[in-house]
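Summary of structural features
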Amino acid sequence: NDIRELVLELGEGEWFRVPSCLFNCRKLTRLELFRCEFDPPLTFTGFPCLRSLNLHQVLVAPEAIESLISSCPLLESLSLSYFDSLDLNICAPELKYLYLEGEFKDIHLESTPLLVSMSIAMYMTDDIAEHFEQSSSCNFLKILGGVPHLEKLVGYIYFTKYLSIGDDPGRLPITYNHLKVIELYQVSFEDMKEILVVIRLITNSPNLKELHISGSSNTLAAIEAPDLDFWEKECHADCSFKQLKLVKMTDISGVPHEMELIKFLLSNSPVLEIMSITPCTFVTERKVNMLIELVRFIRASPRAEIIFIQN
């Protein structure tokens, strides 16, 4: 009957097989499937009118996912949660909104030039971790090298770790002029490659307005981290975040590289209004030292307020 929108979600623990008649619904514009088996027939050529696709815990062959995405030429919104070590290439020229969650061996945004919002959560098994370590291609460019219109980026667990793997791209070939909001969770501040990912991302986002970073550091390793001159080498003196108004730093241990990032942001954000800092719950002795350091940091903005939140 030329159905336009379809959402199939059974109760928790219940799984079903998608009926074959679904693949004849050529006028679908929105499809959401939860906890089901999705097995397109060989004759299936895609949903030509589909604009929104949500597959949550769906059992589907990896090649079928890529084929489905590429055969929906009008696709604007894609949400995918998948837990079987997926190697994913996304070719969707009209895609604007992307949410990925799962065990990804690889993610390549092959053709997503109109993407404006991206949210990625990655879970890492031992096999995937070993695969990552053997990779040489630049993961940063595979995900973020072709998204010039990105406005919001949210990277959850292992995201910055994933971006840091592979050959160093050096000076980035792209400037994120539209990027307003960056959220990066569980950044390891003892890993210099992860720190470099953060620096390159924010310094190539000249119109950034909000930044949220949470730490996930091995405190002992991070405290002993050398190379503090790294900040002078990688952060240009003329760098300025002219629109950055809000910075939230959470799960902060007060280790050297975390404090250097805070110092860098304070000294280069002339319109900053709030720098909110929430230390880790297990950090006790260092809280006073953190406050002493924070007070000494130069602030480019006369309106900048440092808020120290104690749980």
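Cut-offs applied
- Residues numbered from 1 in each chain as written.
- Predicted model: local features only at pLDDT ≥ 70, side-chain atom pairs only at ≥ 80, totals over all residues.
- Heavy atoms only, no water.
- Helix = DSSP H or I, 4+ residues; strand = E, 2+ residues; numbered from the N terminus.
- Rg over C-alpha atoms; globule rule 2.2 N^0.38 Å.
- Lys, Arg positive; Asp, Glu negative; His and termini not counted.
- Charge placed at Lys NZ, Arg CZ, Asp CG, Glu CD.
- Phe/Tyr/Trp six-rings, centres within 6.5 Å; stacked < 30°, edge-to-face > 60°.
- Salt bridge = Lys/Arg side-chain N within 4 Å of Asp/Glu carboxyl O.
- Buried < 20%, exposed > 50% of the residue type's maximum accessible area, 1.4 Å probe, protein only.
- Contact = heavy atoms within 4.5 Å.
- Arc of directions from axis to C-beta.
- UniProt positions renumbered as here; feature names shortened; annotations may be inferred.
- Axes fitted to C-alpha atoms, helices over the stretch in contact; angles between N-to-C directions.
- Parallel < 35°, antiparallel > 145°, perpendicular 65-115°, else oblique.
- Nonpolar A, V, L, I, M, F, W, Y, C, P; charged D, E, K, R; others polar.
- Core = buried A, V, L, I, M, F, W, Y, C linked by side-chain atoms within 4.5 Å.
- Pairing = 2+ DSSP bridges.
- Right-handed = clockwise from strand over helix to strand, strands pointing away.
- pLDDT = per-residue confidence, 0-100.

A separate point is the overall build of the protein chain. A count of helices and strands for the protein chain gives nine helices and 14 strands. Over its C-alpha trace the protein chain gives a radius of gyration of 22 Å, about what one expects of a compact globule, namely 19 Å for 311 residues. Taken along its principal axes, the extent of the C-alpha atoms in the protein chain is 70 × 40 × 35 Å. Here the protein chain contributes 27 positive and 43 negative side-chain charges, whose respective centroids are spaced 9 Å apart.

Take the packing of aromatic side chains next. For the structure on display, the rule yields five aromatic pairs. Between the aromatic rings of Tyr-156 and Tyr-185, the centroid separation amounts to 5.2 Å while the plane-to-plane angle is 15°, which identifies the pairing as stacked. One end of the pair, Tyr-156, is in the loop between strand 9 (152–155) and helix 4 (159–164); the other, Tyr-185, is in strand 10 (residues 181–187), and 29 residues separate them in sequence. One aromatic cluster is present, formed by Phe-23, Phe-38, Phe-44 and Phe-47 through successive ring pairs.

The subject of this paragraph is the pattern of salt bridges. Under the defined criterion, the tally for this structure stands at 10 salt bridges. The partner of Lys-142 in a salt bridge is Asp-106, and the shortest N-O contact between them spans 2.8 Å. With Lys-142 in helix 3 (residues 139–144) and Asp-106 in strand 7 (residues 97–111), this residue pair connects regions lying 36 residues apart in the sequence. We classify Lys-142 as buried; its relative accessible area is 14%. Asp-191 is paired through a salt bridge with Lys-161; the nearest N and O atoms lie 3.6 Å apart.

Residue placement: Asn-54 occurs in strand 5 (residues 52–56). Asn-54 sits in the buried class, given a relative accessible area of 17%. Excluding its chain neighbours within four sequence positions, the residues that come into contact with Asn-54 are Leu-31, Glu-32, Leu-33, Phe-34 and Ser-79.

The next point concerns helix 1 (residues 62–70). Buried within helix 1 we find Ala-64, Ile-65, Leu-68 and Ile-69. In a view along the axis of helix 1, the buried residues occupy a sector of 130°, so they form one face of it.

Our focus in this paragraph is the UniProt feature "domain: FBD" (unreviewed entry) in the protein chain. Mapped onto the present numbering, the UniProt feature "domain: FBD" (unreviewed entry) falls on residues 238–309. In residues 238–309, the share of helix is 32% and the share of strand is 24%. The end C-alpha atoms are 31 Å apart.

A word on the packing of helix 5 (residues 192–203) against helix 8 (residues 256–267). Packed helices, taken two at a time, are described by the angle their axes make and the gap between the axes. Two elements in contact, helix 5 and helix 8, have axes separated by 12 Å at closest approach and are oriented at 10°. Compared by their axis directions, helix 5 and helix 8 come out roughly parallel. Where helix 5 abuts helix 8, its residues Met-192, Ile-195, Val-198, Ile-202 and Thr-203 lie against His-257, Leu-261, Phe-264 and Leu-265. Its residues assigned to classes, the contact of helix 5 with helix 8 shows seven nonpolar, two polar and no charged.

Our focus in this paragraph is the nonpolar core. One broad rule of soluble globular proteins: the nonpolar side chains tend to lie buried together. Counting residues in hydrophobic clusters, the biggest one holds 95 residues, and the most contacted among them are Phe-47, Ile-90, Met-118, Ile-143, Leu-144 and Leu-261. Top element by residues in this core is helix 5. It accounts for seven residues.

Before going further, it helps to spend a moment on the pairing of strand 13 (residues 274–279). Strand 13 sits mainly inside the fold: five of its six residues count as buried. Pairing of strand 12 (residues 246–252) with strand 13 involves six bridges; the strand directions are parallel. Pairing of Thr-250 across the sheet is with Thr-278, part of strand 13. Handedness of the strand 12-helix 8-strand 13 crossover: right-handed. Pairing of strand 13 with strand 14 (residues 305–308), which is carried by four bridges, proceeds in the parallel orientation. Directly across from Ser-276, in strand 14, lies its bridge partner Ile-307.

A few words now on helix 9 (residues 286–296). Along helix 9, the residues classified as buried are Lys-287, Met-290 and Leu-294. Each buried residue of helix 9 lies within a common arc of 60° when the element is viewed along its axis, so the set occupies one face. Turned more than 90 degrees away from the buried face of helix 9, the exposed residues are Val-288, Val-295 and Arg-296. As for helix 9, its buried residues are in contact with strand 12, helix 8, strand 13 and strand 14.

Turning our attention to the confidence of the model for the protein chain. When the pLDDT values of the protein chain are averaged, the result is 88; 91% of them are 70 or greater. Helix 6 (residues 219–223) is the least confidently modelled element of the protein chain, averaging 53 in pLDDT, while strand 9 averages 98, the highest of any element.

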